[in-house]
Amino acid sequence: KDKPDFPFIVVSPQCPTNQSWSNEVLLGLLDEVIARHAVDTKRIYLTGLSMGGYGTWSLGLENPDRFAALAPVCGGGEFIRVLLASRTKAAALKTLGVWAFHGSKDPLVPPAESQRMVDLLLKADCQDVKVTFYPEAQHDSWTETYNNPELCEWFLKHARK
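For every chain, the first residue of the written sequence is number 1, and numbering continues from 1 along that sequence. pLDDT decides what is reported in this predicted model: residues at 70 or higher carry local features, side-chain atom pairs at 80 or more are listed and counted, and totals for whole chains, interfaces and linings draw on all residues regardless. Think of the side-chain values as coming from all heavy atoms in the structure, minus any hydrogens and water.

## Observations regarding the sheet that holds strand β4 (residues 129–134)
Stated formally: Being paired, for any two strands, means DSSP has found at least two bridges between them. Secondary structure counts use DSSP, requiring at least four H or I residues in a row for a helix and at least two E residues in a row for a strand, with both numbered from the N terminus. Convention adopted: a line fitted to C-alpha atoms gives each axis, helices being fitted over their contacting stretch, and angles between N-to-C directions are expressed from 0 to 180 degrees.
Judged by pairing direction, the sheet is parallel, and its four strands sit side by side in the order β1-β2-β3-β4 without closing on themselves. Edge positions in the open sheet fall to β1 (45–49) and β4, since each of these has one partner strand only. Looking at each pair of strands side by side, their axes are set apart by 10° on average, direction ignored. By the bridge criterion, three bridges tie strand β2 (residues 69–73) to strand β3 (residues 97–103) in an arrangement that is parallel. Its bridge partner lying in β3, Leu70 is registered against Val98.

Next comes the structure, spelled out in structure tokens:
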């Protein structure tokens, strides 16, 4: 309502206390949003911060065919997600846009976690993968990320075929 020209539907689930993200629950939520709203299913983007950054890597790499692009923020992921996706959903994985963000001075999640995931995707022949490190940022790398208008522009350049 405050920004009628904002070209996105934003859904921001919160993880229950003392739990971790469930890909099954999140996909159920996504399916419900798609059923109830005018969602362009070729332009679904996924982002999250901290534990949500881990969730972004997990959900996005397990289901690369469901998303046009991912923007994990100060999170990390599992090697096995990239390996399995490269074997079972290679075409979707190769065309998935990924822009990871991390604070270089993050004391909670090592910046190497984001770099490792980007390197794995590049080895899997993904075509549009990059990472941005904020030299002075600690764990809060999301403020700079989500205040950057280039992120929205970058998302909008991506669509599933």
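That was the structure; now back to the text.
## Quick look at helix α5 (residues 111–123)
Put simply, the rule is: Multiplying one less than the number of residues by 1.5 Å gives the expected span of a helix.
The terminal C-alpha atoms of α5 lie 19 Å apart, and with 13 residues this matches the ideal 18 Å at 1.5 Å per residue to within 8%. Count one or two residues on from α5 and you reach Asp125, which has phi positive near 70°.

## Points about the state of the cysteines
Heads up, the condition is: Note that a disulfide, as used here, is simply two cysteine sulfur atoms within 2.5 Å. Think of it in three bands: residues with accessible area under 20% of the maximum for their type are buried, residues over 50% are exposed, and the middle band is partly exposed, with areas taken using a 1.4 Å probe on protein chains only.
Taken as a whole and assessed by the stated rule, the structure comprises zero disulfides. In this structure Cys74 is a free cysteine whose sulfur lies 15 Å from that of Cys15, the closest cysteine sulfur available. On the accessibility criterion, Cys74 (0% relative accessible area) is buried.

## What to know about helix α1 (residues 23–36)
Let me state the cut-off plainly: Think of it as the arc spanned by the lines of direction from the helix axis to the C-beta atoms.
Between the first and last C-alpha of α1 there are 20 Å, a value that for 14 residues agrees with the 20 Å anticipated at 1.5 Å per step. Taken residue by residue, α1 has Asn23, Leu26, Leu27, Leu30 and Val33 as its buried positions. Buried positions in α1, seen along its axis, are confined to an arc of 120° and lie on one side of it. Away from its buried face, by an angle of more than 90 degrees, α1 presents the exposed residues Glu24, Val25, Ala35 and Arg36.

## Comments concerning the side chain of Asn63
As a reminder, the rule being used: Contacts between residues were defined by any pair of non-hydrogen atoms, one from each residue, lying within 4.5 Å.
Its place among the elements puts Asn63 in the loop between α2 (51–62) and β2. Apart from the residues lying within four places of it in its own chain, the contact partners of Asn63 are Leu27 and Lys89.

## Topic: the pairing of β4
Here β3 runs beside β4; their pairing, made up of six bridges, is parallel. Note that in β4 the partner of Phe101 across the bridge is Thr132.

## Focus on the pattern of salt bridges
Side-chain pairs of opposite charge can arise whenever the charged atoms involved come near each other. Put simply, the rule is: What counts as a salt bridge is simple: a side-chain nitrogen of Lys or Arg found within 4 Å of a carboxyl oxygen of Asp or Glu.
Overall, the coordinates contain nine salt bridges when judged by the stated rule. Linking Glu62 and Arg81 is a salt bridge whose minimum nitrogen-to-oxygen distance equals 2.4 Å. A residue pair is termed long-range when its members are at least 10 positions apart, and Glu62 in helix α2 and Arg81 in helix α3 (residues 79–88) qualify at 19 residues. For the salt bridge of Asp65 with Lys89, the shortest nitrogen-to-oxygen distance reads 3.6 Å. Taken as a pair, Asp65 in the loop between α2 and β2 and Lys89 in the loop between α3 and α4 (90–94) lie far apart in primary sequence, 24 residues in all. What you see here is one network of salt bridges that share partners, running through Glu62, Glu78 and Arg81.

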